[in-house]
Amino acid sequence: MRVIHDLAAAVRSLASKPQIPIVAIFTLALGISSVTVVFTVVEGVLLRPLPYRDPERIVGIWQSLPARGIERQEVSPGNFLDLRERTRTLSEVAIAEPYGFDLSEGDSLPEDVNAWLVSEGFFRILGVAPMHGRGFDDADHREGAPATVILDHALWRERFGSDGDIVGRAILLDGKPVVVVGVMPGAFDFPGGRAMWAPRHTGENDRNRRGATYLTAVGRLRDGVSIEQASAELETIGSEMAREHPVVNHGMGWALTPLPEQIVGGVRSNLIILFGASTLVLLIACANVASLLLARATVRQREIAIRAALGATRRRLVADALIESFILSGAAASLALLLTLWLHDAVLALIPADLPRVREIGIDLPIFLFTIAVALVTTIVSGVAPALQTAALDPNRNLKGSASAVLPVRFRSFLVVFAVAVAIVLLIGAGLLIRSLHAVMQTDPGFASENTLALQVHVWDLYPEAGQQRAFFEETIERMRGIPGARAVGASSAVPFTSDSMDIESELLVEGRPEPAAGTEPTAFYTIVTRDYFRAMAIPLRKGRFFGLEDGSGSPPVALINEELARRIFPGEDPVGRRLRTRQMRALPSQSLEIVGVVGNVRNETLEHAPRPELYLSFDQFPFGSMAYVIRFNGDAGAVAAAARDQVWAVHPRQTISQVEVLEHLISATFGTRRFQLLLLGSFAAAALILATVGLYALISFSAAGRTQEIGTRLAIGADRLDILTLVLRQGLRLASIGVIAGLAVALAFSRVVDRMLFGIERTDPLTFAGVSVLIMVVAALASLIPARRAMKLDPTKALRWE
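Residues numbered from 1 in each chain as written. Predicted model: local features only at pLDDT ≥ 70, side-chain atom pairs only at ≥ 80, totals over all residues. Heavy atoms only, no water.

1. What about the overall build of the chain?
- When you go through the chain residue by residue, the secondary structure sums to 23 helices and 22 strands.
- Put simply, the chain has 803 residues, and 52% of those count as buried.
- Within the chain, residue pairs in contact and separated by at least 24 positions form 81% of the contacts whose partners lie at least 6 positions apart.
- Carbon and sulfur atoms provide 59% of the accessible area of the chain, an area that totals close to 35500 Å². (Helix = DSSP H or I, 4+ residues; strand = E, 2+ residues; numbered from the N terminus. Buried < 20%, exposed > 50% of the residue type's maximum accessible area, 1.4 Å probe, protein only. Contact = heavy atoms within 4.5 Å. Areas by Shrake-Rupley, 256 points an atom, 1.4 Å probe, with all protein chains shown as cover.)

Here is the structure:
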């Protein structure tokens, strides 16, 4: 009953003069909601247990080439087979190969669906069972076994309406019936980004395929085996394989990565930074509320003095103040939780699609418990100091109305300086990200991304022969040239920024030079393009010529190289007319090629990555079954895309078309992570600036009100009103200056934290540091100006009247 009585008394006290409590509640709600929103992401991505059995025993397996600075790359089929047979520290090893199916349903056009082909043991290693049906058994992986597939939860929900009876039924993939044997749980998404899993037959035909690395490998440590022991064994196995296959495996090693680190390691530091930034906003909110409660205690000092004189102990006064603080924090936490629920869907929509475990982000019991914990912490942080200051009042001096009984302003000044310093740190972080994003967006991709459309097709199933592939693409490209608004049309096996392109690296030998030692040969990514591809992409010619009609199927093979490859293998030389020999190609045999031209560099995956060395082959000489059309156009992108599809279907009505996008949009999508980071950090910085400004304004107003008689005296003896304005302004600017200096020092010390998030600027960028400092001082001057003008307009006769 005593607790209920104390709570009721505290509520009545707060409600009697609600202005400060209302401001305090909204201030704390802003801080708590900022932390809670970020925590929903941190909890779902970093803290929630992975949906696998003993995930700490699962490892990602990578090939490495330390001599070339390659710490990890995907695995080749032949090397996977050798590793699986030789390892004793891993109980099981499996692979997943990216693949694509044409999913047909009724009379509708087939839909391109990305899939993983997985070897036997894949789901056993991960320890995850389907939520409906069964996983693959070893019989599913045998050559000639009935075709089966397991569906991703999202595909099952969106395409098949969450139909539980889909298990056991056949669906059409590539025009053939395939039986659905299972549906995976919603939280499962490994290796990620694809809609189904199908069995992969791994046989002796894979044994000699060692040059191309494109398989995602995963294994499980045997009981009692540490990752260090497994790494030591794989180092020995790698040395053996390098000796046995020196041409393709020279200098090769193996690298193991714990699965949790492989999945979330790339985003952990960024999320921790954002969580830290949100915590700083909460601290500023707590500082502001502490300052408000101190001001409230000052207003109530006579009431508190009377209670003390009537026998209220210091402990009782502290307890009452903390109860009021707890009520404020509880109300703020409730409001913050409502804000988090309201903002949840908006935040999910802003999260970049490539953030791991994004499906697992949600508001659940841990979020509620976290909010309660934050409310308790804010009660202590924002309430203890005011409570102690309240209990320290001298009742005798307060009852006499002594001016010296006014609570000291020094602690409130410290709180304002702290808020300004934190705001400086957050604003500088946001400013660096803004400058970095601007630098990325200003980077030249090396091609025309505006009004350039890409659409991908895979024609191997319909046109397995090289001559058929050549004829299909020649006819469809010729048809697309007639599309209204089409300025140039080409095709390529690997269009920059598209996710479904061939991306194969080849070792090169320069004819006429001594053959380098195995493992030290230069490499390049090779791309097959049609004659008009460079014109459609507006990629400039630097030397020589483009591909022409003379480079047909019966002509000697020729190649174009980019500037980066020319710089690496022909420094200071003219490469036109020289000859290269390719050593390793996934889809093509070794070739001797004459270089007929050098073209400009392009950036392929992001604008932040430097251009890579590239070798271009003529489609007329090397037909290929997986190509992306590129159409440079004028007019409406949607109309051009629809017309392009119609031209493909006019040649073959069952041809699947995927990834129809304007390249400018694909480039913009790569900024998603930067935009998300900037949006959150920018929001926190803006909130910090607002809170710091409000805190400074409140302090200057309170201080000026406390100096009313002093100011009145100054005016009465002839002080200029401009002097009064300067007097009050000086106090605000002095506090802001101290906060700016402290904030700059902290920002310089911790700028290395955001260094890995930056591009094109230094972490100590002087323009950002100077600009933020000026902004803070201007805002501080404006915040101090209102109370300064109020003080300047005081009537000295009223100010000096003793009440």
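2. Some words on helix α17 (residues 637–651)
- The first and last C-alpha atoms of α17 sit 22 Å apart over 15 residues, in line with the 21 Å expected at 1.5 Å per residue.
- Structurally, α17 contributes buried residues whose contacts are with β12 (452–458), α14 (466–480), β21 (626–633) and β22 (657–662).
- The distance from a side-chain oxygen at the start of α17 to the backbone nitrogen of Gly 638 is 3.3 Å, and the residue carrying that oxygen is Asp 636. (Expected span 1.5 Å × (residues − 1). Polar contact = N/O pair within 3.5 Å; in protein donor to acceptor, adjacent residues only side chain to side chain.)

3. Section: the pattern of salt bridges
- Scanning the model with the defined rule gives 37 salt bridges in all.
- Note that Asp 163 and Arg 169 form a salt bridge whose closest N and O atoms lie 2.8 Å from each other.
- Judged by its relative accessible area of 38%, Arg 169 is partly exposed.
- One salt-bridge network, held together by shared partners, links Asp 82, Glu 85, Arg 207 and Arg 210. (Salt bridge = Lys/Arg side-chain N within 4 Å of Asp/Glu carboxyl O.)

4. Structural notes on the packing of aromatic side chains
- Applying the stated criterion across every chain yields a total of 22 aromatic pairs.
- Between Tyr 52 and Phe 190 the ring centres are 6.4 Å apart and the planes differ by 70°, which places this aromatic pair in the edge-to-face class. Taken together, the residues span a long stretch of sequence, with Tyr 52 in the loop between α2 (19–47) and β1 (58–65) and Phe 190 in the loop between β8 (176–183) and β9 (196–199) at a distance of 138 residues.
- The class for Tyr 52 is buried, based on a relative accessible area of 9%.
- Assessed through its relative accessible area of 4%, Phe 190 is described here as buried.
- With a centroid separation of 5.5 Å and an interplanar angle of 80°, the aromatic rings of Phe 473 and Phe 619 are classed as edge-to-face. Of the two residues, Phe 473 sits in helix α14 while Phe 619 sits in the loop between β20 (614–618) and β21, which places them 146 residues apart along the sequence.
- When its relative accessible area of 1% is taken as the criterion, Phe 473 is described as buried. (Phe/Tyr/Trp six-rings, centres within 6.5 Å; stacked < 30°, edge-to-face > 60°.)

5. Some remarks on the nonpolar core
- Formed by 115 residues in total, the largest nonpolar core has its most connected members in Tyr 52, Phe 122, Leu 126, Phe 188 and Trp 197.
- Among the elements that line this core, the one with the most residues is helix α13 (residues 410–441), at 16 residues.
- Of all hydrophobic cores here, the second largest spans 45 residues; its members include Ile 477, Ile 569, Leu 593 and Phe 619. (Core = buried A, V, L, I, M, F, W, Y, C linked by side-chain atoms within 4.5 Å.)

6. Focus on the packing of α13 against helix α21 (residues 721–750)
- One way to put it is that α13 packs onto α21 with a least axis distance of 7 Å and a crossing angle of 45°. One finds that α13 runs oblique with respect to α21. Note on packing geometry: the crossing formed by α13 with α21 is right-handed. Residues Ser 413, Val 417, Val 420, Ala 421, Ile 424, Val 425 and Ile 428 of α13 lie in contact with α21, whose contacting residues are Leu 735, Ala 736, Ile 738, Gly 739, Val 740, Ala 742, Gly 743, Leu 744, Val 746 and Ala 747. (Axes fitted to C-alpha atoms, helices over the stretch in contact; angles between N-to-C directions. Parallel < 35°, antiparallel > 145°, perpendicular 65-115°, else oblique. Left-handed = near helix turned anticlockwise from the far one by under 90°.)

7. A closer look at empty space enclosed by the protein
- The tally for this structure, following the rule as stated, stands at 3 cavities of 30 Å³ or more.
- In this structure, the largest cavity encloses a volume near 60 Å³.
- Listed by contribution, the elements that provide at least two residues to the lining of the largest cavity are α19 (672–706) and α22 (766–792).
- Among the elements that take part in the lining of the largest cavity, α19 stands out by supplying 4 residues, more than any other.
- By residue class, the composition of the lining of the largest cavity is 7 nonpolar, 1 polar and no charged. (1 Å grid on protein atoms, 1.4 Å probe; cavity = no way out; pocket = protein on both sides within 12 Å on 5 of 7 lines; lining within 4 Å. Points joined across faces, edges and corners; volume = space filled by probe spheres on them. Nonpolar A, V, L, I, M, F, W, Y, C, P; charged D, E, K, R; others polar.)

8. Describing the pairing of strand β18 (residues 579–582)
- Because side chains alternate across β18, one face comprises the buried residues Leu 580 and Thr 582, and the other comprises Arg 579 and Arg 581, none of which is buried.
- Here strand β14 (residues 504–510) pairs with β18 via 3 bridges, running antiparallel. Across the sheet, residue Val 510 finds its bridge partner in β18, namely Leu 580.
- Two elements, β18 and strand β19 (residues 592–599), share 3 bridges in a ladder whose sense is antiparallel. Bridging from a neighbouring strand, Arg 579 pairs with Glu 594 of β19. (Pairing = 2+ DSSP bridges.)

9. Focus on the environment of Gly 544
- Structurally, Gly 544 can be placed in strand β16 (residues 541–544).
- Residue classification places Gly 544 among the partly exposed residues on the basis of a relative accessible area of 48%.
- Separated by 55 residues in the primary sequence, Gly 544 and Val 599 have C-alpha atoms spaced 8.8 Å apart.

10. Structural notes on a nonpolar patch on the surface
- Among the surface-exposed residues, Phe 326, Leu 365, Phe 368, Leu 369, Ile 372 and Leu 376 lie close enough to one another that they form a single nonpolar patch of about 600 Å² accessible area.
- Mapped onto the fold, Phe 368 is located in helix α11 (residues 365–391).
- Assessed through its relative accessible area of 36%, Phe 368 is described here as partly exposed. (Patch = residues over 30% accessible without salt bridge, like charges linked within 9 Å, V, L, I, M, F, W, Y side chains within 5 Å.)

11. Observations concerning unusual backbone geometry
- Cis peptide bonds are those with omega within 30 degrees of zero, and the linkage from Phe 190 to Pro 191 qualifies with -5°.
- Among the structural elements, Pro 191 can be located in the loop between β8 and β9.
- Its identity as a non-glycine residue notwithstanding, Asp 174 has a phi of 55°, on the positive side.
- Along the chain, Asp 174 falls in the loop between β7 (170–173) and β8.

12. Points about the side chain of Thr 40
- The topology assignment puts Thr 40 in helix α2.
- One polar contact links the side chain of Thr 40 to the main-chain carbonyl oxygen of Val 37, over a distance of 2.5 Å.
- Residues in contact with Thr 40, not counting those within four places in the same chain, are Thr 340, Ile 361, Gly 362, Ile 363 and Ile 367.

13. A look at the confidence of the model for the chain
- Summary statistics for the chain give a mean pLDDT of 84 and a share of 85% for residues scoring 70 or more.
- In the model of the chain, helix α12 (residues 395–399) stands out as the element of lowest mean pLDDT, 52, in contrast to strand β6 (residues 148–151), which has the highest, 96.
- Counted against residues more than four places away or in other chains, residues 401–407, with its pLDDT under 50, gives 15 contacts. (pLDDT = per-residue confidence, 0-100.)

14. A word on the side chain of Ser 104
- Looking at where Ser 104 falls in the secondary structure, it is placed in strand β3 (residues 90–104).
- Under the relative-accessibility criterion, Ser 104 is labelled buried at 11%.
- In this structure, Ser 104 is in contact with Pro 110, Leu 172 and Arg 654, ignoring residues within four places of it in sequence.

15. Observations concerning the packing of α14 against α17
- Remark: α14 packs on α17, axes separated minimally by 9 Å, with the N-to-C direction vectors making an angle of 140°. Our classification of the angle between α14 and α17 gives oblique. You can see that α14 and α17 cross each other, and the crossing is right-handed. Residue-level contacts link Phe 472, Glu 475, Thr 476, Arg 479 and Met 480 of α14 to Ala 644, Gln 647, Val 648, Ala 650 and Val 651 of α17.
- Considered class by class, the residues forming the contact of α14 with α17 number 6 nonpolar, 2 polar and 2 charged.

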